[in-house]
Amino acid sequence: MRLKLDKVNWNLWLLLTFCVITAVSCSEERRTTVKNYPVATPFVYSNKVILSGIESKIEKKQLSIDLSNYWDDSLKARKEQHVVFWYRMNNPSIFDSINVSRSKNFMNAFLNSQGYYYASLLDSIHIDTLADQLRVNTFMTINLGKKITIDSINYQLSDSSLQAIALLKQKNSLIEKGSPYSKQLIGAELDRLIGIYRNNGYYKLTREDVFTEVDTTDTHLTKLTLNPFKQVELIAESAKKRQLNPTWNISINKRPTYDSSKLVQYRIGNIYYYPETSLTDITDSLINKPGLKEEKYPGVFLRSKEQKFKYTPLKEHTFFSKGQFYNEDGYLKTINTLQQVGAWQQVDGKIIPRKKTDTLDVYFFLIPALKQNFTLDLEGSRNTGDIGSGNLFGLSTNFSYKNRNVAKQAIQSISNFRTGVELNLNLGSNQNTSSNLVQTFNISAGQTFTFPGLIQPFNKWKAIKTIDNQRTLLSFNAAYVDRKDYYKLRSLVSSWGYEWKKTINRAENSWIYKPVNIELYSLDTLPGLETLFKKNPFLRNSFNTGNIFSQSLSYNRNINSVGRKTHYLRLGIEETGGLFGLIKDIKDNSYRYIKVEAEYRQKKKWDISELAYRVFAGLGYNYGSYPKNATLSTLPFFKQFSAGGPYSMRAWGLRQLGIGSSNSYDSITATNFRDRYGDMIIETNIEYRFIMATVAGVKVGSAIYTDIGNIWNVKKSTTDPNANFSLAKLGHDIAIGVGTGLRLDFDYFLIRFDLAYKVKDPLRNANSGWMSFKNFNWTDVRPNGLEVSNFALQLGIGLPF
């Protein structure tokens, strides 16, 4: 169904724009309604922190946000967003000047923890009278002064072993000369030091056993002088120096030790696994529970009732062994990794020191997840076909079976079987429709195995122990599609790959490497499809199937930065035919290409809004000779890029943007099949999201966004040069869409309605593709008479990126 609109009433648009600008330009106080306030009694209406003495705008903004959390609870102005730009206050607190003094103390303590020991705080209030309301606006003006910096750090641990370890690892210290002082930094350094000790066997040493001393003394004042005037001069110089550049010396010390076991370096004793622990089991009683079957390995005991699990997956995910010094990172990593294998829903650990020894026995209690489950889905759909009959009813069923512990090795297995049909609802309605009731029949079966750990020949490769969540992936899938009178398609896809992760600081890094990926396709074209090829030569590109023998590598990086900012980076490369393409029998029926992708996303969050942007680029190049009879050798269409739809260029329909500025697809009138694919894509998306209201627990939000990009062919085509990528005509080929939308956030899923308009369409003849405000239209007519929409309505689940 096509939505067609007349010209816009610009007076109405101007009036609406004026109202929005007027609402936004008003102060937040003027857009706030107060309910249930104390009549003729001063109440808290607003509070604000005013900072000075700091140059960095970013640090100033962050510090203002942090300080706003230190107003006394009774002095906080609690405003809730009511509708879009309007706010509401309910039951505001009565103003009490005592709470101002309390807030000043809280803020000063926080500033001290951040290294601002010379800040001055000045409070003030202003009362606005509105009818019977006495609105109190509270201000805290703060001059931060100079921030303390660290002049030196030294360790005085009174134990030779601890002192030696500290000095050995000092190069990794978080504190350096000239670093700004803060209690968080000092605390982080103490945590780092204790972490090093606990990774070197000091199991009983804790944060409470070390402390820091701060020396604020100016060494120049310790110089002896008999001249009183000289002493006064030194004091004056010291005071001036402290005001201009205050510095402190940090010393990390150990508290007196009354428990000698705190200084013992413990080693790992025996390791005990209980892989069949029940949720109702008490761990202490389970340790001494009789009647359990026990399997013994060097330094390891496996205790269970039914022996449902073997030792191998437990061994592969344990990062320490008997006789090694206790390593807390290895212990916690073992728990987390076993938890993520999938065979157990919960993993707990317990460490028990042996009496009067330096040995620790380690116990792991693993609660199994549900071993097997299956699902059966029935789906129905109604479609308008791209080829053949135009009114189809689809019916399909999908059976899925999952086993989380194949062969007692914690191997995950997923089996899928799917079958479906499309029925012709126009059967016999007119002579142009097909006489077959069943238009399409498809059946497919798939099997996936996920092995814990990396199955590879380099068993002594030490680097493997440093990565997390190791998995080996093996998958098979076979499918058959019979499209009556048009084609029969058979496919067989199989791959072997590895997945692993590693977290560095706040960055989560993950890799997927598939050294073997095989895709075999066989297509029988029937008379109905051959007829369509003659009417629509471009349709042949969507059936350029061939065999693929490839390997691929993808890398993902997630970073949660300070200040509510997140970063995401994805890189991918796929190579096909480099090795197998050297074999002649395979080369004649297989693709040879290389494909690279790069994507970067960033998101900055505030209380009720966020700014997100995305940059994506991809390039594929077919360097082989397949397909032989093609006028332009490209990637197979299912490996190419497309743009348009609810998750891409939203002003265009699904796969309806491009290619470049070519109008070849718009000249197609014989069928509705106009999907566009290209070997190259450039796309940028910028979106500002905000919450307008909360209704019955559902967050109602909106967004303002722009999408910029297009797809192209890489190889030059003499028959369609406008589809080729060229830097010279990049400005002309770039498409731009802007839009807004409505988002309904149910927490567990989000429904999105987007409306986008084509600000710049490379296929628009007038005005170099740009929209015209003077002659605004919702539709555009191509030179061949084809009418296309200048806008698109999109329905999506979840955010677009």
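Every residue gets a number counted from 1 within its own chain, in the order that chain's sequence is written. Only residues with pLDDT of 70 or above have their local features reported here, since the model is predicted, and side-chain atom pairs are shown and tallied only from 80 upward, although totals for entire chains, interfaces and linings are computed over all residues. Only hydrogens and water are set aside; all other atoms, that is, all heavy atoms of the structure, feed into the side-chain values.

## A word on the sheet that holds strand β12 (residues 300-304)
Note on pairing: two strands pair once DSSP finds at least 2 bridges between them. Secondary structure is summarised from DSSP: a helix means a run of H or I of at least four residues, a strand means a run of E of at least two, and numbering begins at the N terminus for each. Taken together, the five strands give an open sheet; going across it, the order is β11-β12-β10-β14-β13, and neighbouring strands pair in mixed fashion. The open sheet has two edge strands with one neighbour each: β11 (293-297) and β13 (344-353). Looking at each pair of strands side by side, their axes are set apart by 20° on average, direction ignored. By the bridge criterion, three bridges tie strand β10 (residues 267-274) to β12 in an arrangement that is parallel. Its bridge partner being in β12, I271 is matched across the sheet by V300. Along the sheet face, helix α9 (residues 328-340) touches β13 and β14 (359-368) and points at about 160° away from the line of β13. Here an angle of 0 to 180 degrees is reported between the N-to-C directions of two axes, which are lines fitted to C-alpha atoms, with helices fitted over the stretch in contact. Any two residues whose heavy atoms approach within 4.5 Å are treated as being in contact.

## Some points on helix α10 (residues 527-535)
A 1.4 Å probe rolled over the protein chains alone gives each residue an accessible area, and that area as a share of the maximum for its type sets the label: buried under 20%, exposed over 50%, partly exposed in between. Of the positions making up α10, those classed as buried are G528, L529, L532 and F533. Angular distribution of buried residues about the axis of α10 spans 140°; they occupy a single face of the element. For α10, exposure combined with an orientation more than 90 degrees from the buried face picks out P527 and K534. Packing partners of the buried residues in α10 comprise β20 (487-504) and β21 (507-525). Throughout, the arc means the angular range of directions from the helix axis out to the C-beta atoms.

## Looking at the pattern of salt bridges
Two side chains with opposite charge may pair up if their charged atoms get near one another. Salt bridges, as used here, are contacts in which a Lys or Arg side-chain nitrogen is within 4 Å of a carboxyl oxygen on Asp or Glu. Per the stated rule, a full pass over the model turns up 33 salt bridges. The closest approach of N and O atoms between D209 and K262, which form a salt bridge, is 3.3 Å. In this pair, D209 is assigned in the loop between α5 (183-198) and β8 (210-215) and K262 in the loop between β9 (247-254) and β10, connecting sequence segments 53 residues apart. The class for K262 is partly exposed, based on a relative accessible area of 21%. Among the salt bridges present, the one from E687 reaches R650, with a minimum N-O distance of 2.7 Å. On the criterion of sequence distance, the pair formed by E687 in strand β26 (residues 680-695) and R650 in the loop between β25 (609-622) and β26 is long-range, its members being 37 residues apart. The same class applies to E687 and to R650, which are both buried. Through salt bridges with shared partners, one network takes in E610, R650, E687, R689, D707, R743, R752 and D754.

## Looking at a positive patch on the surface
Patches in this entry comprise residues that are over 30% relatively accessible and not in a salt bridge; like charges within 9 Å are linked, as are nonpolar side chains (Val, Leu, Ile, Met, Phe, Trp, Tyr) within 5 Å. Using a 1.4 Å probe, the Shrake-Rupley method yields the accessible areas, and only the shown protein chains count as cover for residues. Only four residue types enter the tally: Lys and Arg on the positive side, Asp and Glu on the negative side, with His and both chain ends excluded. Charge placement uses NZ in Lys and CZ in Arg. For Asp and Glu, CG and CD serve respectively. Together, K293, K310, K371 and K408 make up a region of like positive charge exposed at the surface. Along the polypeptide, K408 turns up in the loop between β16 (392-406) and β17 (411-424).

## Details of the nonpolar core
By size, the foremost hydrophobic cluster in this structure holds 25 residues, and its most contacted members are Y273, L314, Y331, W344, F364 and L366. Those elements giving two or more residues to this core turn out to be β10, β12, α9, β13 and β14. It is β14 that provides the largest number of residues to this core, a total of four residues. Each residue touching Y331, except ones within four places of it in the same chain, is listed here: F320, Y326, G349, K350, I351, V362 and F364. Nonpolar cores were defined as sets of buried Ala, Val, Leu, Ile, Met, Phe, Trp, Tyr and Cys residues, with membership established by side-chain atoms within 4.5 Å.

## A few points about unusual backbone geometry
Across the junction of G658 and I659, the peptide omega takes the value 0°, indicating a cis bond. Secondary-structure assignment places I659 in the loop between β25 and β26. The backbone of D747 shows a phi angle near 75°, a positive value even though the residue is not glycine. Tracing the chain through its elements places D747 in the loop between β28 (735-745) and β29 (750-760).

## Focus on the side chain of N622
Looking at the secondary structure, you find N622 in strand β25. Here G624 takes part through its backbone nitrogen, which lies 2.9 Å from a polar atom of the side chain of N622. In contact with N622, not counting residues within four places along its chain, are Y591, R592, Y593, P627, S633, T634, L635 and K715. In the analysis that follows, any N or O atom pair within 3.5 Å is treated as a polar contact, provided that within protein one partner can donate a hydrogen and the other can accept it, and provided that, for residues neighboring in sequence, both atoms belong to side chains.

## So, the packing of aromatic side chains
Aromatic contacts are taken between Phe, Tyr and Trp rings whose centres are within 6.5 Å, Trp giving its six-membered ring; a plane angle under 30 degrees counts as stacked, one over 60 as edge-to-face, and the others as tilted. In the structure shown here, the tally under the stated rule is 39 aromatic pairs. With a centroid separation of 5.2 Å and 85° between ring planes, the pair formed by Y203 and Y326 is classed as edge-to-face. Placement of Y203 in the loop between α5 and β8 and of Y326 in the loop between α8 (312-316) and α9 is noted, with a sequence separation of 123 residues between them. Take Y203 and Y326: they sit in the same class, and that class is buried. Aromatic pair Y600 and Y613: ring centres 6.3 Å apart, planes at 55°, arrangement tilted. You can see Y600 sitting in strand β24 (residues 593-605) and its partner Y613 sitting in strand β25, a full 13 residues away along the chain. Grouped by ring-pair contacts, the aromatic residues Y203, Y266, Y273, Y297, Y311, F320, Y326, Y331 and F364 constitute a single cluster. Charge-over-ring contacts are defined here by two conditions on Lys NZ or Arg CZ: a distance within 6 Å of the ring centre and an angle within 35 degrees of the ring normal. The side chain of R650 reaches across the aromatic face of Y705, ending 3.7 Å from its centre. One Lys or Arg, R752, reaches over the ring of Y647 and ends 5.1 Å from the middle of that ring.

## Topic: the pairing of strand β6 (residues 133-143)
Here strand β2 (residues 42-52) pairs with β6 via ten bridges, running parallel. By the bridge assignment for β6, S46 is matched with N137. Pairing of strand β5 (residues 120-130) with β6, which is carried by eleven bridges, proceeds in the antiparallel orientation. Paired with I125 across the bridge in β6 is T138. Where β5 hands over to β6, the hairpin turn is made up of two residues, of which A131 adopts a positive phi near 55°.

## Examining the packing of helix α4 (residues 160-168) against α5
Where α4 contacts α5, the axes come no closer than 11 Å and their chain directions differ by 115°. Taken as a pair, α4 and α5 cross one another with a handedness that is right-handed. Facing L162, I165 and A166 of α4, the residues of α5 in contact are L193, I196 and Y197. Partitioning the contact of α4 with α5 into residue classes produces six nonpolar, no polar and no charged. We call a crossing left-handed when the near helix sits turned anticlockwise from the far one by less than a right angle, and right-handed when that turn is clockwise. In this classification, Asp, Glu, Lys and Arg are treated as charged, Ala, Val, Leu, Ile, Met, Phe, Trp, Tyr, Cys and Pro as nonpolar, and every other residue, Gly included, as polar.

## Section: the pairing of β28
Sheet analysis places strand β27 (residues 698-712) next to β28, joined by eleven bridges and oriented antiparallel. Within β28, the position partnered with D707 by the bridge is G737. Bridge analysis of β28 against β29 gives ten bridges, and the strand direction is antiparallel. Across the sheet, G739 pairs through a bridge with A756, a residue of β29. The loop that links β28 with its antiparallel partner β29 comprises four residues; one of these, D747, has a positive phi angle of about 75°.

## Observations regarding the sheet that holds strand β7 (residues 149-156)
If you trace the three strands from one edge of the open sheet to the other, you get β7-β9-β8, paired in mixed fashion. Every other strand in the sheet has two partners, leaving β7 and β8 as the edge strands with one partner each. Across this sheet, the average inter-strand angle for adjacent strands is 25°, counted without regard to direction. Strands in contact with α5 are β7, β8 and β9; relative to β7, the strand with the most contacts, it is inclined by about 25°.

## Points about the packing of helix α2 (residues 57-68) against helix α3 (residues 97-113)
In the contact formed by α2 and α3, the axes pass within 10 Å of each other and the chain directions differ by 135°. Overall, the two elements α2 and α3 adopt an arrangement that is oblique. Considering how the two elements wind past one another, α2 and α3 form a crossing that is right-handed. Residues L63, D66 and L67 of α2 pack against M107, F110 and L111 of α3. Among the residues forming the contact of α2 with α3, the class breakdown is five nonpolar, no polar and one charged. An angle below 35 degrees is read as roughly parallel, one above 145 as roughly antiparallel, one from 65 to 115 as roughly perpendicular, and any other as oblique.

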